[in-house]
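# Structural overview for review
Listed below, chain by chain, are the residues.
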Amino acid sequence: MTKRIYITTPIYYVNDKPHLGHVYTTVAADFLARYHRLEGRDVFFLTGTDEHGQKAEQAAQAKGQSTKEHVDFHSAVFQDLWKKMNVSNDDFIRTTEERHTKVVQNVLQHLFDRGEIYEDVYEGWYCVPDERFWTEKDLMDGNCPECGRKVERIKEKNYFFRMGKHQPWLIEYIKKHENYISPPARRNEVLGFLKKKLDDLCISRPKSRMAWGVELPFDSDYVSYVWFDALLNYISAPGYQSDDKSFSEIWPAHIHLIGKDILTTHSVYWSTMLKDMGLPLPQKIFAHGWWTIEGRKMSKSLGNVVDPVTVAEAVGLDPFRYFLMREVPFGMDGDFSVEALVSRINVDLANNLGNLVSRTLKMIAKYRGGSIPSPHGVPENLKTGAEQAAKNYASHLETPAFHKALEEVISLCDLVNGFIMESEPWKLAKDESKSERLDDVLYGSAEALRFIGRMIAPIMPDTGAKLQVMLGMEEGVHGSPEWGGLAPGRQVKDGDALFPRIDDKKKEEIIKAIFPTGEDKEESGLIAIEDVRKIDLRTAKIVKAERIEKSKKLLKLIVDLGFEKRQIVAGIAESYSPEELVGKQVVVVANLRPAKLMGVESKGMLLAADNAGKLSLIGAINDVNGGLKVL
Ligand code: ME8
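Everything numeric in this text was worked out from a predicted model, so none of it was measured.

### Section: the layout of surface pockets
Summary: where empty space remains is shown by rolling a probe the size of a single water molecule over the atoms. Of the pockets and cavities examined, the second largest pocket occupies roughly 300 Å³. Lining the second largest pocket are 19 residues, with Val 315, Pro 319, Leu 498, Phe 499 and Pro 500 sitting closest to its centre. Listing elements by their share of the lining of the second largest pocket, those giving two or more residues are helix H11 (308-315), helix H12 (317-327) and helix H18 (461-470). Broken down by element, the lining of the second largest pocket gets its largest block of residues, four residues, from H18. In terms of residue class, the lining of the second largest pocket is built from eleven nonpolar, two polar and six charged.

### Section: the site of the ligand
Taken together, 23 residues are adjacent to the ligand, and Ile 11, Thr 25, Asp 50, Asp 261 and Trp 291 come closest. Interatomic distance of 2.6 Å between a side-chain N/O atom of Thr 25 and an oxygen atom of the ligand. One nitrogen or oxygen atom from the side chain of Trp 290 is found 3.5 Å from a nitrogen atom belonging to the ligand. Here the ligand, which alone exposes 680 Å², has 94% of that area covered by the protein. At the level of elements, strand E1 (5-13), helix H1 (20-38), helix H7 (226-231) and helix H8 (233-236) are the ones that each hand at least two residues to the shell around the ligand. Broken down by element, the residue count for the shell around the ligand peaks at four residues, all from E1. For the shell around the ligand, the per-class residue count stands at twelve nonpolar, nine polar and two charged.

### Some remarks on the domain arrangement of the protein chain
Domain annotation of the protein chain identifies domain 1 (292-518) and domain 2 (535-617). Computed over C-alpha atoms, the centres of domain 1 and domain 2 are 52 Å apart.

### Structural notes on the side chain of His 22
Counting through the fold element by element, His 22 comes out in helix H1. A relative accessible area of 16% means that His 22 is categorised as buried. Within the structure, His 22 has its side chain in polar contact with the backbone nitrogen of His 19 (distance 2.9 Å). Aside from chain neighbours lying at most four places away, what touches His 22 is Tyr 12, Lys 17, Phe 78 and Trp 82.

### With respect to the confidence of the model for the protein chain
Residues shown with low pLDDT carry predicted positions that ought not to be read at fine detail. On average, residues of the protein chain carry a pLDDT of 93, and 98% of them reach 70 or more. A low-confidence stretch, residues 518-524 (pLDDT under 50), is modelled with three contacts involving residues beyond four sequence positions or located in other chains.

What counts as what
Residues numbered from 1 in each chain as written. Predicted model: local features only at pLDDT ≥ 70, side-chain atom pairs only at ≥ 80, totals over all residues. Heavy atoms only, no water. 1 Å grid on protein atoms, 1.4 Å probe; cavity = no way out; pocket = protein on both sides within 12 Å on 5 of 7 lines; lining within 4 Å. Points joined across faces, edges and corners; volume = space filled by probe spheres on them. Helix = DSSP H or I, 4+ residues; strand = E, 2+ residues; numbered from the N terminus. Nonpolar A, V, L, I, M, F, W, Y, C, P; charged D, E, K, R; others polar. Near = heavy atom within 4 Å. Polar contact = N/O pair within 3.5 Å; in protein donor to acceptor, adjacent residues only side chain to side chain. Areas by Shrake-Rupley, 256 points an atom, 1.4 Å probe, with all protein chains shown as cover. Domains from an automatic or database assignment. Buried < 20%, exposed > 50% of the residue type's maximum accessible area, 1.4 Å probe, protein only. Contact = heavy atoms within 4.5 Å. pLDDT = per-residue confidence, 0-100.

Rendered as structure tokens:
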């Protein structure tokens with residue numbers, strides 16, 4: 001039996017348009033899937049849509065559509081997006097498909113029959129938007145610890161999965177299998193979470209509250225909790241209980257790639273569900289970091305939700321995919337900005353890789369009529385460098401540390417560029433006695449480009465294929481990561497630059513395309529999001545307050561911004577006494593040019609509402625740290 005490398009992404013909710021974050025995880029999975037296929041391994045790459053639950057139901061209602069119409073439409077949007085992003089998934093699972101709902105019902109019945117699911121009355125707190133139950137100790141300032149919104153007190157009959165009893169072995173398992181939860185910071189987070197008592201999991205929702213879900217086979221008044229249903233996609237798609245051969249080839253997963261927002265559901269709920277079903281656990285759950293947009297959370301109201309299709313159209317799909325995987329260490333949070341995007345493309349792709357390809361092909365055309373010469377000897381440094389880069393690249397993809405894998409590619413480009421500079425082929429070409437050396441330099445450079453092509457093909461598939469054609473190779477046949485795979489005598493084909501440099505004018509066009517501001521709004525007195533972003537608003541705590549001599553209006557304050565303490569002079573003395581201000585949470589304009597008021601320096605400004613002359617300071621309702629960005 002051949003085992004397949006099983007790679008998954010989360011299945012995405014269908015309540016909204018897909019954005020940069022969804023593309024991030026899916027392109028990462030695609031990078032890995034294409035890499036393994038290129039290495040000759042059999043891969044099963046799965047993505048899909050999570051279509052049950054309140055969010056889908058509410059989104060449909062808001063649009064006046066039936067829930068089915070709504071989920072069909074949005075699932076198709078995702079499927080279309082993956083085509084546009086050149087994502088090579090082998091299957092696409094929808095949780096409303098029968099092949100999935102059947103498995104959910106079977107698993108529920110099986111666990112119920114064995115007493116692993118039991119009925120009880122639940123009394124406690126419930127977050128409606130997140131569809132999650134919380135205990136008193138989970139709440140933060142009385143609100144949902146996940147989204148910060150209000151929770152409701154409810155009392156109802158429900159069904160529970162005996163998750164709590166799994167706590168001891170799960171802790172041991174995570175400790176023993178170092179890479180099971182990755183990267184290490186996330187593993188520690190889960191172990192930290194498991195220090196608190198693990199409760200049983202409520203896996204039902206009464207239809208009276210929410211009917212859009214998989215009906216419980218043992219109680220038709222209830223549907224399954226959306227997460228219990230969704231997680232099972234990882235086994236329903238590869239054929240659990242429907243195709244034993246396929247399932248045994250695919251399960252357990254090689255890696256579940258997810259964002260850090262859904263770490264607990266995967267590492268705790270999913271692991272314990274699998275254990276209870278008697279199935280092996282996946283080899284790895286990797287939770288990557290979070291993208292912000294030019295320093296801010298992506299949000300519709302801020303108008304900064306980045307549409308991946310627009311970015312791909314503006315800078316090209318391959319450069320966009322490359323940027324996503326190269327820019328931010330995989331696992332860390334990252335920030336998307338057009339500045340970073342353009343700079344990365346220009347530095348790595350246009351100046352480095354693109355120029356290297358162009359100069360190598362031009363030299364082969366000029367000195368050898370476009371035919372790849374036969375080598376006479378091997379430039380050892382180049383050979384060792386290329387083979388080592390390929391090895392390092394492969395080991396980084398095991399982690400996976402995509403950014404490091406791509407750094408290897410760029411370092412190899414540097415090495416080849418250096419080799420060409422040192423060898424001075426333009427001088428060798430003038431001396432007949434150096435002809436063999438020239439052959440070696442040209443062959444060596446082209447062969448190193450084959451290595452580079454092999455390494456970029458999984459993340460930039462079109463560029464990888466183009467490069468093969470340019471090197472006179474057969475498309476799709478990359479050869480081995482050992483030196484000497486390029487066939488001499490083949491004709492190279494020079495063409496347009498692989499990656500045109502992006503100049504300032506083009507950069508402006510890209511900014512306009514990705515963040516349309518709507519000039520007409522400016523004329524009507526409205527401002528663009530860029531203007532709002534210029535103001536650095538931060539939370540701060542007032543730690544000291546005193547009057548300023550001879551001033552009726554001014555108070556001298558020291559505020560704690562977390563990263564520093566600041567002196568700010570504020571005109572609030574007629575509205576507040578110094579004593580009542582100490583300890584208050586406020587919002588500060590942190591990037592205001594310093595000024596002197598009554599001779600006292602002020603570095604910032606407090607926000608306050610003016611109620612007919614009586615000022616009311618604006619602050620955070622919850623107890624938060626100083627220095628947080630106010631979005
Ligand atoms: O949570 N940065 O679906 P979802 C990085 N249906 N990644 C991001 C991101 C961002 N700003 N925003 C989203 C769900 N993602 C459930 C999953 S799985 C059995 C069920 C990515 O549509 C990231 O992978 O909210 C995150 O985990 C996922 O989208 C959440 O997608």
